[in-house]
Structure formats: structure tokens, C-alpha cells
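Structural description and commentary
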Amino acid sequence: MKSDLQWMQAQVVALRDVTPTVREFELRPEGGFADAHEPGAHLQVQVMTAQRKVQTRSYSLVGEGDGRCWRIAVKRLDDGRGGSLAMWRLAEGDRLQVSAPQNHFPLDLSAPGYLLVAGGIGITPLVLMAQRLGAHARRAGVPVTMLYGARHAGEFGYLAQLREALGEGVRAHEGSAPIDFAAAIAALPPGGQLYTCGPVPMLEAVKRAWHAAGRPLADLRFETFGSSGRLATQPFTVRIPRHDLAITVPADCTLLEALDAAGVQTLSDCKRGECGLCAMDVIAVDGEIDHRDVFLSEHEKQATTRICACVSRAVGTLTLDSAYRADS
């Protein structure tokens, strides 16, 4: 199962380097009218890699729209699957295929307080949230705090806009020292909501702190860009006994894409490791699984009996069960 997207052509009308590794793209869709979007929305973008492969990527929409253009920001990943490098090769005037805005990370304005947590490029969907919540806080007196982590001071993209929206409510954390999520959660009023986006290790730390605080899971909202893992991205082998297949998953290809290319039927939706629809049963592991999703629990990941094919990878060889069943 795949989402039925409607594609349109858009032109790159402006480029801006937000940080040394993050570039903002202003995209004007055909017809000159950009659909309005709410906080948490994203675009699907088709890019052509240096290997002449078309890849589909999801990029969060940054800030308020103006009715004419959309803005997205892309972090350059030299050791990624090629999508970010393809985006960085674009110049003003170039065209590409994009979808209309979609939103799987909506903002609820009915909570008595908010905590926003961003790591690195995970700041992009939270910019508009901070702007909307800043205005909401001034009207309704609702407390809003943001924790923003980055490895270096130069990597704090959009910090000026965030401080304009939330003032002293923005706390920037530079370096690798752990952020005290527990203290920030403890300061959140009962019924308050936490919105977070960033690398998987950060999201897992937030989830652990939220669970330890006894907060309702429904009040924790998250989005991941599904690109970070514990192990270096490299090719690995997958065996599918029901299909009598052994395939190699290249470094620039997801497990889900490799299975689809080999004719193995799969289910998928979010393609960001969040919904779990693409989870497959693992029969055997000769090597190690690199879980890059936020759907499976820590217990499930340690058991190595399932893998989310859209983002997770492996080193070595995996033997998987598929949904295929021969007719009886």
C-alpha cells in the first residue's frame, strides 16, 4: 500500500544557507499559488541522484507561507543516500516535482502548556509551531518552552526567529552533553503536550523521560527524519525464503525500496519509521540490525524479531518473512 500522491512541478526561486550544513529552498509551485499549510506539514519532493536514481524525500515546511511559495530546509549529508546532495546541486531556476502539503504532525492548541524539543535539522517542523504557540501564549497565557540541541553553535538554524517568537522560552544546548529532559517535563503542567523532532537517539531519550514521568503517551507527539543510526550505512544482504530470493540492499537504497524492486510485496505509509505498517518479521540475523525507527519498543528492538523496512538497516545478512503466501 502506497500513498496516492498528486505531483506538480515547482521552481526553485531562492536559496539561502541557514547554517554551513543546512540550506533553505524557496519553491514556487506551478500556477504561482502555494496551498496554505498548518504547523507540522511537509512536502514530498522527487530528486535525481548522481547515480540517476529518482528518490522521494519528505521535507518539513518552515515558517508561515505567503501564498506564493513554500520553504523547506535540507541538511547536507555526504554519507547519506544521495538525496540531500541532489538537493544541494539545485540552482535558482531549476525545477522539480513536489506534492501538495501533507501533515502527520499536527499542532493541538487546546493544551494547558507546551514543551518543544528539537535536535539539529529536526528544528524545521517546529519553527512554525513556535511561531503559532508564541502568539497563542500571548493571547491565552499558556506556558511554552523549547529545548534546542545542536552539536556546534553555528548549527543553530532559525534561532533568531525562535527567540522572536518565544523569547526566553528558548533554551539552546550546544555540544554532546545530555539534555535534562526530565526536568523540563516535570515543569510542564498536567495535560501539557510535548512536540519533538530530531535524531532517533534523542527521540528515544525523550520517550524514556516521558514514560518515567508517568505522562500519557497521547500527549507526546513526535516526528523523525529517519536518517540517523548507530551503524555506518553500508550494503547488506537480505534473504526471503518464501520467494527463494537473496538480494543486496545498496547503501543508497532503503530495504523497502530494494524489496519493491525485487518484486516482494510490501506495505508502507509514512516511510519515516513512525507508523509501523512496513514492519516485517525477522527469521534470522547474521550480523546486526540498526533500528532507525521510533515505532518499535526498546524490547522489540533488542529481541531482533521485527524490522521497519522503510528506514532501518543491517550489517551482514538478514533473513526475513514476507506477507506472501502460496495458494493452497
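This write-up is about the structure you can find in this document. Note on numbering: residues in each chain are counted from 1, in written sequence order. Local features in a predicted model are, by the rule used here, given only for residues with pLDDT of at least 70; side-chain atom pairs are given and counted only at 80 or more, and totals for whole chains, interfaces and linings are based on all residues. Calculated side-chain values reflect all of the structure's heavy atoms, with hydrogen atoms and water omitted.

1. Re the packing of helix α2 (residues 124–140) against helix α3 (residues 159–166)
Axes here mean lines fitted to C-alpha atoms, for a helix over just the part in contact, with angles spanning 0 to 180 degrees between N-to-C directions. Going along the chain from the N terminus, every DSSP run of H or I of four or more residues is numbered as a helix, and every run of E of two or more is numbered as a strand. Taken N-terminus to C-terminus, the directions of α2 and α3 make an angle of 20°; their axes are 8 Å apart at the nearest point. In terms of orientation, α2 lies roughly parallel with respect to α3. You can see that α2 and α3 cross each other, and the crossing is left-handed. Judged by residue contacts, Leu126, Val127, Ala130, Gln131, Leu133, Gly134 and Arg138 of α2 engage Gln161, Leu162, Ala165 and Leu166 from α3. Residue classes follow a fixed rule: Ala, Val, Leu, Ile, Met, Phe, Trp, Tyr, Cys and Pro count as nonpolar, while Asp, Glu, Lys and Arg count as charged, and any other residue, Gly among them, counts as polar. Within the contact of α2 with α3, the residues separate by chemical class into seven nonpolar, three polar and one charged. In this scheme, roughly parallel covers angles under 35 degrees and roughly antiparallel covers those over 145, while 65 to 115 is roughly perpendicular and the rest are oblique. For any pair of crossing helices, the crossing counts as left-handed if the nearer helix is rotated counterclockwise from the farther one by less than a right angle, and right-handed if it is rotated clockwise. Here, two residues are considered to be in contact whenever any of their heavy atoms come within 4.5 Å of each other.

2. Some details on the sheet that holds strand β17 (residues 313–320)
In short, DSSP must find at least two bridges between two strands for them to pair. Strands sit in the order β14-β13-β17-β15-β16 across an open sheet of five strands; the sheet is mixed. Lying at the two open borders of the sheet, with one neighbouring strand each, are β14 (245–249) and β16 (306–308). For this sheet the average axis-to-axis angle between neighbouring strands, irrespective of direction, equals 40°. Relative to β17, strand β15 (residues 279–290) is paired through eight bridges, and the arrangement is antiparallel. Looking at the pairing, Ile289 lines up with Ala314 of β17.

3. Section: the environment of Ala14
Residue placement: Ala14 occurs in strand β1 (residues 7–19). Residue classification places Ala14 among the partly exposed residues on the basis of a relative accessible area of 22%. Placed 79 residues apart in sequence, Ala14 and Gly93 show a C-alpha to C-alpha distance of 8.4 Å. When sequence neighbours within four positions are dropped, the list of residues in contact with Ala14 reads Glu24, Phe25, Glu26 and Glu92. For every residue, the accessible area obtained with a 1.4 Å probe (protein chains only) is divided by the maximum for its type, and the residue is called buried under 20%, exposed over 50%, and partly exposed between those limits.

4. Here's the deal with the nonpolar core
Working definition of a nonpolar core: buried Ala, Val, Leu, Ile, Met, Phe, Trp, Tyr and Cys residues. They are joined through side-chain atoms within 4.5 Å. Membership of the largest hydrophobic core comes to 30 residues, with the highest contact counts inside it found for Ile123, Leu126 and Met146. Of all the secondary structure elements, the ones that give two or more residues to this core are β8 (114–119), α2, β9 (144–150) and α3. Among the elements that make up this core, the one with the highest residue count is α2 (five residues). Ignoring any residue separated from it by four or fewer positions in sequence, one finds Ile123 in contact with Ala118, Met146, Tyr148, Gly157, Tyr158 and Leu162.

5. So, the pattern of salt bridges
Salt bridge criterion: a side-chain nitrogen from Lys or Arg within 4 Å of a carboxyl oxygen from Asp or Glu. Tallied over the full model, the rule gives 13 salt bridges. Here Lys207 makes a salt bridge to Glu204, at a shortest N to O gap of 3.9 Å. Of the two residues, Lys207 and Glu204 are both situated in helix α5 (residues 200–212); the distance of three residues between them amounts to about one turn of the helix. A salt bridge links Arg306 to Glu300; the shortest N-O distance between them is 3.4 Å. Taking the relative accessible area as the measure of exposure, Arg306 reaches 26% and is therefore partly exposed. Of the residues examined, Glu300 reaches a relative accessible area of 25% and is grouped as partly exposed. Among the charged side chains, a network of salt bridges with common partners joins Arg16, Glu24 and Arg71.

6. Description of the pairing of β15
Bridging between β15 and β16 involves three bridges; their strand directions are antiparallel. Residue pairing for β16: Asp281 is matched across the bridge by Arg306.

7. Quick notes on the packing of aromatic side chains
Under the pairing criterion, centres of Phe, Tyr and Trp rings, with the six-membered ring standing for Trp, must be within 6.5 Å; the plane angle then separates stacked pairs below 30 degrees from edge-to-face pairs above 60, leaving the rest tilted. Summed over all chains, the structure comprises three aromatic pairs. Centre to centre, the rings of Phe105 and Tyr195 are 6.0 Å apart; their planes meet at 55°, and the pair counts as tilted. Taken together, the residues Phe105 in the loop between β7 (102–103) and β8 and Tyr195 in strand β11 (residues 193–198) connect sequence positions 90 residues apart. Here Tyr148 and Phe156 contribute two aromatic rings whose centre-to-centre distance is 5.0 Å and whose plane-to-plane angle is 85°, an arrangement assigned as edge-to-face. The pair formed by Tyr148 and Phe156 is uniform in burial state, with each residue classed as buried. An aromatic cluster of three or more residues is present, and its members are Phe105, Tyr114 and Tyr195.

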